[in-house]
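A structural walkthrough
What follows is each chain in one-letter form.
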Amino acid sequence: MKTRVFSGMQPTGNLHIGNYLGALKNWVRIQHDYECIFCIVDLHAVTLYQEPGELRAKIAEIAALYLAAGIDPQVCSIMVQSAVPAHAELAWMLTCVTPVGWLERMTQYKTKAAKQESVSDGLLQYPVLMAADILLYQAGIVPVGEDQAQHLELTRDVAQRFNSLYGDTFVVPGTSLPAVGARIMGLDDPTQKMSKSATGQNHAVALLDPPDKIRKTIMRATTDSSPGVDPETAGPGVLNLLAIYQAFSGDGDDEMKRHFAGMRYGELKKQVAEMVVTHLEPFQQRYRQIISDPGYLAAVLRDGAARVAPIANDTVRLVKQRMGLYT
Ligand code: ATP
Ligand code: LTN
């Protein structure tokens, strides 16, 4: 049997090249090697308030972006988290074996909670729901960007704790980070990770930005005061631009060094911008085609949920048996 892969994205904000290079691109690359489930995690999205109409539209948008990136719904299951109630059901059982202290230590929780006037219990429970997503399907591999590594560590801890309390139940999953592009930084501030929820004008390149906007954002990227590229001493802004280029082009380290050593920053930015535009233009064309067919999108999501629900229900049944709950 093929190892199962599970990953997901929140239907919030605008997907950016960090989301693509850190996660989505790798999903496409491995989809034929594993049994893959790619989820739109709407229950995670509502840990912060979402306007209901906008959330509904975002779910379709993310599904279309998965397809436009090249996820093949004949090969993988694409599904919406809230369409399979077992996610929420297992999450409850897992909250009961998760110490609150583990959750309070999560850096994403601390960052997001600091920005809220009132913090919902859901925001604290967020990583437990993520653990439920993964453990529900006994996934062995979870391809994500580096910012999710701590949540995966917690998933392993929760799985191990459950297994030791109630007997072997869950596969303990591994993390899978890309070699290049695991942490794309903000173009306006290369000390912060590129993020959907950041507000700066020149912070991110969204996957659906028009070519002119992409060029403008990259040409304005923060670099440093050296006259040209020195791969040995480059600061975070230059390293980030090089990482973006390399992740899109697939060039090796030596090739990168040869090509960019000594290049002026204006020229570096121009070449990075053209590399990004060249990759995103055909992607955007496919997106426009897919989003204009809501019937097709709905069928893909319905099929995906129908395919994975029996696996999820089996796990919930097993967990209930192990815990002595009523079955
Ligand atoms: P937010 O900042 O609003 O929480 P986000 O940009 O982190 O959103 P998510 O939906 O949380 O987006 O992440 C989806 C996937 O993209 C995850 O696998 C995450 O690790 C990856 N990812 C997010 N930001 C980056 C980044 N800057 N570089 C590489 N991968 C990233
Ligand atoms: N927290 C993740 C999204 C997510 C996820 C998952 C990723 C929810 N459940 C399960 C991998 C596996 C994020 O990217 N912010």
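Residues numbered from 1 in each chain as written. Chains lettered and ligands numbered in written order. Predicted model: local features only at pLDDT ≥ 70, side-chain atom pairs only at ≥ 80, totals over all residues. Heavy atoms only, no water.

A few words now on the packing of helix H3 (residues 52-69) against helix H13 (residues 294-323). For the pair H3 and H13, interaxial distance at closest approach is 10 Å and the crossing angle is 85 degrees. In terms of axis orientation, H3 runs roughly perpendicular to H13. On H13, the residues that touch Ala60, Ala63, Ala64 and Leu67 of H3 are Tyr296, Leu297 and Leu301. Among the residues forming the contact of H3 with H13, the class breakdown is 7 nonpolar, no polar and no charged. (Axes fitted to C-alpha atoms, helices over the stretch in contact; angles between N-to-C directions. Helix = DSSP H or I, 4+ residues; strand = E, 2+ residues; numbered from the N terminus. Parallel < 35°, antiparallel > 145°, perpendicular 65-115°, else oblique. Contact = heavy atoms within 4.5 Å. Nonpolar A, V, L, I, M, F, W, Y, C, P; charged D, E, K, R; others polar.)

It is worth spelling out the environment of Gln285 at this point. By the element assignment, Gln285 lies in helix H12 (residues 265-291). Distance from Gln285 to Leu65, taken between C-alpha atoms, is 11 Å for residues 220 residues apart in sequence.

Our focus in this paragraph is helix H9 (residues 211-219). Buried within H9 are the following residues: Ile214, Thr217 and Ile218. The arc enclosing the buried residues of H9, seen along the axis, measures out at 95 degrees, which places them on a common side. Among the structural elements, helix H10 (236-249) and H12 are those in contact with the buried residues of H9. (Buried < 20%, exposed > 50% of the residue type's maximum accessible area, 1.4 Å probe, protein only. Arc of directions from axis to C-beta.)

A few words now on the site of ligand 2. In the vicinity of ligand 2 lie 13 residues, with His44, Tyr126, Met130, Asp133 and Gln148 positioned nearest. With respect to ligand 2, the side chain of Tyr126 contributes an N or O atom lying 2.7 Å from a nitrogen atom. A distance of 2.6 Å separates a nitrogen atom of ligand 2 from a polar atom in the side chain of Asp133. For ligand 2, the protein covers 91% of the area, taking 360 Å² as the surface of the free molecule. Among the elements that make up the shell around ligand 2, the one with the highest residue count is helix H7 (residues 121-136) (4 residues). Taken together, the residues of the shell around ligand 2 break down into 7 nonpolar, 5 polar and 1 charged. (Near = heavy atom within 4 Å. Polar contact = N/O pair within 3.5 Å; in protein donor to acceptor, adjacent residues only side chain to side chain. Areas by Shrake-Rupley, 256 points an atom, 1.4 Å probe, with all protein chains shown as cover.)

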